[in-house]
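Chain residues, written in single-letter form:
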Amino acid sequence: MTGCEAYRIERLERFDISLEKLIKSHYRKNERARNSFLELVNDYIGQLRENPSSNSFSDDEGFPKGTYKSDFKFRKIRFRAPELDGAAKKCRFMYVVNEAKRVVYLLWIYTHTRNFAQDRLTTI
């Protein structure tokens, strides 16, 4: 054991739904690109297990109005989605970290081709 306890990953239903929608809308016909995308997402999840607050691959985000909790950090990973062009290539992976409990909650993943204004962080 390295002395560093890994974080537990909690996949919220919203995350799985958003991942399925993203794959359906952008990778339905391209299995190779879909596999590359899923591999990239799984690599990020692996990094989140080790150090979810790393500034080398994610940024702090402000909580949506009315949802702030002092013992949580809201974070965003910005990355380029494989084999997509235009706004679709700008992918975002949103998650919340509870340092005290060492839990990472995967919230949602999206590209800039869909308007997520109606999606709001509610309860964890």
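Residues numbered from 1 in each chain as written. Predicted model: local features only at pLDDT ≥ 70, side-chain atom pairs only at ≥ 80, totals over all residues. Heavy atoms only, no water.

1. Thoughts on the confidence of the model for the protein
Selection rule: As a per-residue measure, pLDDT reflects the predictor's confidence and takes values from 0 up to 100. For the purposes of this entry, the term helix denotes a DSSP run of H or I that reaches at least four residues, the term strand denotes a run of E that reaches at least two, and both are numbered from the N terminus. Residues count as neighbours in contact if any of their non-hydrogen atoms are within 4.5 Å of one another.
Averaged over all residues, the pLDDT of the protein is 85; the fraction at 70 or higher stands at 86%. Mean pLDDT across the elements of the protein ranges from a minimum in strand S2 (residues 59-61), with 90, to a maximum in strand S1 (residues 8-11), with 96. Every residue in residues 115-124 is under pLDDT 50, and counting partners more than four places away or in other chains gives 17 contacts.

2. Details of the sheet that holds strand S5 (residues 103-111)
The line we're drawing: For two strands to pair, DSSP has to find at least two bridges joining them. Axis lines are fitted to C-alpha atoms, over the contacting stretch for helices. Their N-to-C directions set the angle, which ranges from 0 to 180 degrees.
In space, the five strands of this open sheet follow the order S1-S5-S4-S3-S2, with mixed pairing throughout. Here the strands that pair on one side only, and so sit at the sheet edges, are S1 and S2. Strand-to-strand twist of the sheet, defined as the mean angle between neighbouring strand axes without regard to direction, takes the value 35 degrees. Across the face of the sheet, helix H1 (residues 13-26) comes into contact with S1, strand S4 (90-98) and S5 while running at roughly 25 degrees to S5.

3. Examining the packing of H1 against helix H2 (residues 31-50)
How we decide: Orientation labels follow simple angle bins: below 35 degrees gives roughly parallel, above 145 gives roughly antiparallel, 65 to 115 gives roughly perpendicular, and whatever is left gives oblique. Take the far helix as your reference; a near helix turned counterclockwise from it by less than a right angle gives a left-handed crossing, and one turned clockwise gives a right-handed crossing. Residues are grouped as follows: nonpolar covers Ala, Val, Leu, Ile, Met, Phe, Trp, Tyr, Cys and Pro; charged covers Asp, Glu, Lys and Arg; every other residue, Gly included, is treated as polar.
Closest axis-to-axis distance for the H1/H2 pair is 11 Å, and the angle between their directions is 155 degrees. It follows from the interaxial angle that H1 and H2 lie roughly antiparallel. Classified by chirality, the crossing of H2 by H1 is right-handed. Listed contacts from H2 to Phe15, Leu19, Leu22 and Ile23 of H1 are Arg34, Phe37, Leu38 and Val41. Taken together, the residues that form the contact of H1 with H2 break down as seven nonpolar, no polar and one charged.

4. Overview of the packing of aromatic side chains
Filter applied, for reference: Side-chain rings of Phe, Tyr and Trp (the six-membered ring for Trp) are treated as a pair once their centres are within 6.5 Å; stacked means planes under 30 degrees apart, edge-to-face means over 60, and tilted covers the remaining angles. Placement of a positive charge over a ring is assigned whenever Lys NZ or Arg CZ falls within 6 Å of the ring centre and within 35 degrees of the normal to the ring plane.
A complete count under the given rule lists ten aromatic pairs for this structure. Chaining the aromatic ring pairs together yields one cluster made of Tyr27, Phe37, Tyr44, Phe57 and Phe79. Lying over the aromatic face of tyrosine 7, arginine 102 brings its terminal NZ or CZ to 4.2 Å of the ring centre.

5. Quick look at H1
We apply this condition: Helices are assigned an expected span. That span is 1.5 Å times one less than the residue count. A 1.4 Å probe rolled over the protein chains alone gives each residue an accessible area, and that area as a share of the maximum for its type sets the label: buried under 20%, exposed over 50%, partly exposed in between. Directions from the helix axis toward the C-beta atoms define the arc.
Between its first and last C-alpha, H1 extends 20 Å over 14 residues, near the 20 Å set by a 1.5 Å rise per residue. Those residues of H1 not exposed but buried are Phe15, Ser18, Leu19, Leu22 and Ile23. Seen end-on, H1 carries its buried residues on one side only, within an arc spanning 135 degrees. Residues of H1 that are exposed and angled more than 90 degrees away from the buried face: Glu13, Glu20 and Lys24. On its buried side, H1 packs onto S1, H2, S4 and S5.

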